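If you want the building blocks of each chain, they are given just below.
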Amino acid sequence: YSRERRQERILKTSTFWEENCQSMPEDKFVEMYRVTKAVFGEILEHIYPQILRTSVVGEAFDPAKKLALTLRYMATGDSFLTLGCQELRAQALSPTHIQIL
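What comes next is a walk through the structure.

Here we take up the nonpolar core. By size, the foremost hydrophobic cluster in this structure holds 16 residues, and its most contacted members are Phe29, Tyr33, Phe40 and Leu44. Only α1 (3–12), α2 (15–21), α3 (26–33), α4 (37–51) and α5 (63–76) provide two or more residues apiece to this core. It is α5 that provides the largest number of residues to this core, a total of 4 residues. Once residues within four sequence positions are removed from consideration, phenylalanine 29 is found in contact with Trp17, Cys21, Met24, Arg34, Val35, Thr36, Lys37 and Phe40.

What follows covers the environment of proline 63. Inspection of the secondary structure assignment puts proline 63 in helix α5. Separated by 16 residues in the primary sequence, proline 63 and isoleucine 47 have C-alpha atoms spaced 8.9 Å apart. Beyond its immediate chain neighbours, meaning those up to four positions away, proline 63 contacts Leu44, Tyr48, Ile51 and Leu52.

Calculation rules
- Once a new chain begins, its residue numbering starts again from 1 and follows that chain's sequence as written.
- In view of the model being predicted, local features appear only for residues whose pLDDT reaches at least 70, and side-chain atom pairs are presented and counted only at 80 or more, with totals across whole chains, interfaces and linings using the full set of residues.
- Side-chain numbers here rest on the full set of heavy atoms in the structure, without hydrogens or water.
- For the purposes of this section, nonpolar cores are sets of buried Ala, Val, Leu, Ile, Met, Phe, Trp, Tyr and Cys residues that join through side-chain atoms within 4.5 Å.
- Categorising residues by exposure relies on relative accessible area from a 1.4 Å probe, with only protein chains included: less than 20% of the type maximum marks a residue as buried, more than 50% marks it as exposed, and the intermediate range marks it as partly exposed.
- Put simply, DSSP H or I for four residues or longer makes a helix, DSSP E for two residues or longer makes a strand, and each gets a number counted from the N terminus.
- Between two residues, a contact is recorded if the distance between any of their heavy atoms is within 4.5 Å.

Written as structure tokens, this is what we have:
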């Protein structure tokens, strides 16, 4: 596989990427994570085998989400507790979680 195809294959397996990042405008993505989507994909491709958990009790944590939280922490210096609260708020306001009455 070419590098682009490997990155695409990895990102397609990520629910987090599909629901939160893919449709995000590039400028907002860079503001949030301090890297472009292309660089995010490159980083994820390099570290994916090391951060992928294959045998778990319960639900595995999405590798793209791990990378996103780590980059956000490095960009802001916020605690993981604060980042977790921001993540929950973002999910609550996500169009996939809001039902139109």
